[in-house]
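# Fold and geometry: a report
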Amino acid sequence: MTLDIRAEKARGYVLIAILYLHLLVTYVLTRGDPANAPIAFVQIKLLAPHVSVFFFLTGMGARGLGRRGLPSVLLQSLRLLLLAALSHGIGYWIGPFLHDPPAGLRATARAFLTPLATGTGYATFVAWFFEVFALSRLIAYTFERGWRWFVPTVAFLSLILWAGQRAGMPDNWLEWRNLPACTLFFLIGMRIPREWHVPHWLGALCLPVTLAIAWFNRPGVLSDGPCLACNIPFVSQPMVGQYGSAPIFFLQEFSFLIFLLWASQLLA
């Protein structure tokens, strides 16, 4: 556990924001069309991308990860995968099973087990996070141990993903599209010094910067330039193919991290 109290407080703030964000998403889904809930949708557009900041913060709490033994790291990742499965099970029970049950036991078992086998398409909003956290943490561990660990791990994982797609698995199976950005954020978080305090001017500036970037970020923004009313329904995500513009997305999230650390300093 990190001694950086900012990271601990910031993780609590992000968890509260995630709960609020999921309430907004649920509300918008009940409206059928985002145009019927414009204020809620604007909040989703500006807030949803920043869920990925949690990976910076968890990295700040795992600075000594590379010194741990492999069995301990594997056990922690396994627990996270079990949390993903538990979340999916609860979500499936209170969602599809009760409100739109499949026809027959076989169809029920298939609908429940398929996301667990493919690692995507879960019945809840949060299961993907536990899975990506488990895998990105493991990849970061091999990176910390050196290239002799990291290169074979990435090569083996790439082979598994390629073979799965050739075998007909979903495009985002094992949530691989989230792994590059989330692993990078985790590794950056591990390297943020405990002693570094965000200057007031920088922390205050980063909030309007990150919100403006989140609004303007969209596919092609670097080539076409910013546009206030272009592709408004687009919400950037930490997924390959959904960054909008990848350099803009990374700047957007790092800016939000700086603001969040600054806010945690003020409220310490």
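Up top is the structure.
Attention here is on the structure that accompanies the text. (Residues numbered from 1 in each chain as written. Predicted model: local features only at pLDDT ≥ 70, side-chain atom pairs only at ≥ 80, totals over all residues. Heavy atoms only, no water.)

## Section: the overall build of the protein chain
A count of helical and extended segments in the protein chain gives 11 helices and zero strands. When the helices and strands of the protein chain are placed in sequence order, the string is α-α-α-α-α-α-α-α-α-α-α. At 19 Å, the protein chain has a C-alpha radius of gyration in line with the 18 Å of a compact globule built from 268 residues. Reported as C-alpha extents along the three principal axes, the dimensions of the protein chain are approximately 60 × 50 × 40 Å. In the protein chain, which comprises 268 residues, the proportion classed as buried is 42%. (Helix = DSSP H or I, 4+ residues; strand = E, 2+ residues; numbered from the N terminus. Rg over C-alpha atoms; globule rule 2.2 N^0.38 Å. Buried < 20%, exposed > 50% of the residue type's maximum accessible area, 1.4 Å probe, protein only.)

## Here we look at the nonpolar core
In a soluble, globular protein the nonpolar side chains are often hidden away together inside. In this structure, Val53, Phe55, Leu57, Leu65, Phe186, Leu257 and Leu260 are the most contacted members of the largest nonpolar core, which totals 56 residues. Per-element tally for this core: the top contributor is helix α11 (residues 246-266), with nine residues. Ignoring any residue separated from it by four or fewer positions in sequence, one finds Phe186 in contact with Phe55, Thr58, Gly59, Ala62, Leu65, Phe133, Arg137 and Ala140. (Core = buried A, V, L, I, M, F, W, Y, C linked by side-chain atoms within 4.5 Å. Contact = heavy atoms within 4.5 Å.)

## Structural notes on a nonpolar patch on the surface
Together, Leu83, Leu86, Ile90, Trp93, Ile94 and Leu98 make up a nonpolar patch on the protein surface, roughly 600 Å² of accessible area in all. Among the secondary structure elements, Ile90 is positioned in helix α4 (residues 70-99). Using a relative accessible area of 46% as the deciding quantity, one classes Ile90 as partly exposed. (Patch = residues over 30% accessible without salt bridge, like charges linked within 9 Å, V, L, I, M, F, W, Y side chains within 5 Å. Areas by Shrake-Rupley, 256 points an atom, 1.4 Å probe, with all protein chains shown as cover. Salt bridge = Lys/Arg side-chain N within 4 Å of Asp/Glu carboxyl O.)

## What to know about the state of the cysteines
Within the structure shown, the criterion is met by one disulfide. Each sulfur of the disulfide joining Cys227 and Cys230 lies 2.0 Å from the other. One quick way to see it: the torsion about the S-S bond of Cys227 and Cys230 is about 65°, and its sign makes the bridge right-handed. Residue classification places Cys227 among the partly exposed positions, given a relative accessible area of 23%. Judged by its relative accessible area of 30%, Cys230 falls in the partly exposed class. (Disulfide = S-S within 2.5 Å.)

## Brief notes about the packing of helix α2 (residues 38-47) against helix α9 (residues 200-216)
Axis separation between α2 and α9 bottoms out at 8 Å; the angle between their running directions is 110°. The orientation of α2 with respect to α9, classified from their angle, is roughly perpendicular. Counting all contacts with α2, which are made through Val42, Lys45 and Leu46, the residues of α9 involved are Leu211, Ala214 and Trp215. (Axes fitted to C-alpha atoms, helices over the stretch in contact; angles between N-to-C directions. Parallel < 35°, antiparallel > 145°, perpendicular 65-115°, else oblique.)

## Examining the side chain of His88
Relative to the helices and strands, His88 resides in helix α4. Look at His88 and you get buried, because its relative accessible area is 1%. Polar contacts involving the side chain of His88 include one to the main-chain amide nitrogen of Ala123, which spans 3.0 Å. If near-sequence neighbours (up to four positions away) are discounted, His88 is found in contact with Phe112, Pro115, Leu116, Tyr122, Ala123, Thr124 and Ala127. (Polar contact = N/O pair within 3.5 Å; in protein donor to acceptor, adjacent residues only side chain to side chain.)

## A word on the pattern of salt bridges
When their charged atoms lie close together, side chains carrying opposite charge are able to pair. Counted by the stated rule, this structure contains three salt bridges. A salt bridge links Arg177 to Asp171; its shortest N-O distance comes to 2.6 Å. Using a relative accessible area of 19% as the deciding quantity, one classes Arg177 as buried.

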